[in-house]
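Listed here are the chains, written in short residue letters.
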Amino acid sequence: MQRYPDQRSRSAKPVTIHGYAQSGDLLGFQKLLRENPSLLNERNAVMAQTPLHVSAGYNKAEIVKFLLDWQGPDKVELEARNMYGETPLHMAAKNGCNDAARLLLVHGAFIEAKANNGMTPLHLAVWYSLRAEEFSTVKTLLEYNADCSAKDDEGMTPLNHLSKGRENGKLQALLLSHFEEQRRRRAIEACSETKAKMDELENELSNIVGLHELKVQLRKWAKGMLLDERRKALGLKVGTRRPPHMAFLGNPGTGKTMVARILGRLLHMVGILPTDKVTEVQRTDLVGEFVGHTGPKTRRKIKDAEGGILFVDEAYRLIPMQKADDKDYGLEALEEIMSVMDSGKIVVIFAGYSEPMKRVIASNEGFCRRVTKFFNFSDFSSEDLAKILHIKMNNQTEESLLYGFQLHSSCSIEAVAELIRGETTEKQCKEMNGGLVDTMLVNARESLDLRLNFDCIDTDELRTITLEDLQAGLRILSQ
């Protein structure tokens, strides 16, 4: 929009808000903008630039400051983009306008903004310095920690744009110095983050009883991924890791599902998986009843699991006992899963009894090529079950049946293990494994309720499960 200033004759050439921004006529600019505040972010017809673009590109610091301090109902667009995707800070940088650049940075301009070609203000400031042999704007951007390793769409960093000529020696030394300092800081930050993530991993692993081999493998994966983060922080190029597909072999209650959920969180935490979701499926979730139903049904579940883990429980049920069973579509579901295992979009864990799982392994020649990690989940000992009981009681959530309850001091791990040995048979422990602990605790709470009187007001007594309660819980189970 164009206006005729009052102090000039009607025959004078009209002056635009952008004209004032370019000339640096502060009084004329202020008068025009106050008369028509809608011109604050007006775009010109040539490059779709705002007054802030123009004043910054011509280093008209007074007008830049006036715009940044504008108190009207609308605010100046600090990150406005022109037709090339450049912000006002880009304009200041590409023209060596140091005063304007500093004002924009003080007011919070995004120093890593990228134009349509991927260039940051530092890229453009370096280009200007190569022509003008003056690099005050480069220094200012580096003071605000502009990223020396940022890449444009051609993969070029600001350093890459420097020629090897002698005239660029000081500029090159300046950029290299900041590049090394930034790399050092990133390495220190990455080290701190790595230690925090490893601590979190160890905390998660502390909730897994037994499974030494699996824990060692998890630590290897986590450490490798976290070291890759460190390598990248130091500017090294490293290939992307893919987590292996796995088979969890063991009886029910040995913690296969729980470990899969923990594994999902860990693989996400160290950056191997984009999400921590674990999609649990069984045969009924995958296999249709009629020809043509199984493929779409299985593909929907695979789609749901993308970015996380697909946990196929009782996977041996996908393979019929009799090879001649033509009406069974489980093998089709397995083949659908196998077809996406090389895509890198999901991690598949097959779980089930050790012996029947041999049918799955033998059913497809590509199974062992894709499933490279096999973990055996052994039956829990009495000591293992006692540890699991303590972990459950120490990690209750509001949704847990035992939330708010505690164990009596007499319920040590040794005492609980001895109790389990005395009150259960080997067959019971093998058939139930971790499920025995849940049932034992539910029964123990009922035992506590049964022995308390309604007139009891001792808060500790009301919420404390004793060794006798646990014993009663196991005897009910045996009956």
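Residues numbered from 1 in each chain as written. Predicted model: local features only at pLDDT ≥ 70, side-chain atom pairs only at ≥ 80, totals over all residues. Heavy atoms only, no water.

**Some thoughts on the environment of Ile302**
For Ile302, the position within the fold is in helix H13 (residues 294–305). C-alpha of Ile302 to C-alpha of Ile337: the two residues are 35 residues apart in sequence and 7.2 Å apart in space. Those residues in contact with Ile302, other than ones at most four positions away along the chain, are Leu310, Glu336, Ile337, Val340 and Ile346. (Helix = DSSP H or I, 4+ residues; strand = E, 2+ residues; numbered from the N terminus. Contact = heavy atoms within 4.5 Å.)

**Remarks on the domain arrangement of the chain**
Assigned domains within the chain: domain 1 (17–161), domain 2 (242–377) and domain 3 (382–478). The straight-line distance from the C-alpha centre of domain 1 to that of domain 3 is 68 Å. (Domains from an automatic or database assignment.)

**Thoughts on the packing of H13 against helix H14 (residues 330–340)**
For the pair H13 and H14, interaxial distance at closest approach is 9 Å and the crossing angle is 40°. Judged by the inter-axis angle, H13 sits oblique to H14. As for how H13 packs across H14, the hand of that crossing is right-handed. For the pair formed by H13 and H14, the contact residues are Thr294, Gly295, Thr298, Arg299 and Ile302 on the first element and Glu332, Ala333, Glu336, Ile337 and Val340 on the second. For the contact of H13 with H14, a count of residues per class yields four nonpolar, three polar and three charged. (Axes fitted to C-alpha atoms, helices over the stretch in contact; angles between N-to-C directions. Parallel < 35°, antiparallel > 145°, perpendicular 65-115°, else oblique. Left-handed = near helix turned anticlockwise from the far one by under 90°. Nonpolar A, V, L, I, M, F, W, Y, C, P; charged D, E, K, R; others polar.)

**A word on the nonpolar core**
Membership of the largest hydrophobic core comes to 48 residues, with the highest contact counts inside it found for Phe29, Leu33, Leu104, Leu122, Val138, Leu141 and Leu175. At five residues, the largest contribution of residues to this core is made by helix H4 (residues 61–68). Residues in contact with Leu175, not counting those within four places in the same chain, are Leu122, Val126, Val138, Leu142, Cys148, Pro158, Leu159 and Leu162. Ranked by size, the runner-up nonpolar core spans 30 residues in total, among them Leu201, Val259, Ile349 and Phe377. (Core = buried A, V, L, I, M, F, W, Y, C linked by side-chain atoms within 4.5 Å. Buried < 20%, exposed > 50% of the residue type's maximum accessible area, 1.4 Å probe, protein only.)

**Describing the packing of aromatic side chains**
Considering all chains together, one arrives at six aromatic pairs under this definition. Measuring from ring centre to ring centre gives 4.8 Å for Phe248 and Phe377, while their planes differ by 45°; the resulting arrangement is tilted. In this pair, Phe248 sits in strand E3 (residues 245–250) while Phe377 sits in strand E7 (residues 371–377), placing the two residues 129 residues apart along the sequence. Take Phe248: its relative accessible area is 0%, and that puts it in the buried class. Judged by centre distance (5.1 Å) and plane angle (45°), the ring pair of Phe350 and Phe367 falls under tilted. With a gap of 17 residues between them, Phe350 in strand E6 (residues 347–352) and Phe367 in helix H16 (residues 367–370) connect regions that are remote in the sequence. Residue class for Phe350 comes out buried when judged on its relative accessible area of 0%. Here the aromatic cluster, defined as three or more aromatic residues joined through ring pairs, consists of Phe29, Phe66 and Trp70. (Phe/Tyr/Trp six-rings, centres within 6.5 Å; stacked < 30°, edge-to-face > 60°.)

**A short note on the pattern of salt bridges**
In this structure the tally under the stated criterion is 18 salt bridges. Close ionic contact of Arg370 with Asp342 constitutes a salt bridge, the shortest N to O distance being 3.4 Å. Residue Arg370 is found in helix H16, and its partner Asp342 is found in the loop between H14 and E6; the two are separated by 28 residues along the sequence. The class for Arg370 is buried, based on a relative accessible area of 17%. For Asp342, a relative accessible area of 42% gives the class partly exposed. (Salt bridge = Lys/Arg side-chain N within 4 Å of Asp/Glu carboxyl O.)

**Details of unusual backbone geometry**
A positive phi angle is found at Asn59, which is not glycine, with a value near 60°. Among the secondary structure elements, Asn59 is positioned in the loop between helix H3 (51–57) and H4. Of note, Glu314 is a non-glycine position whose phi angle comes to about 50°, a positive value. When you line up the elements, Glu314 lands in the loop between strand E5 (309–312) and H14. A relative accessible area of 28% means that Glu314 is categorised as partly exposed.

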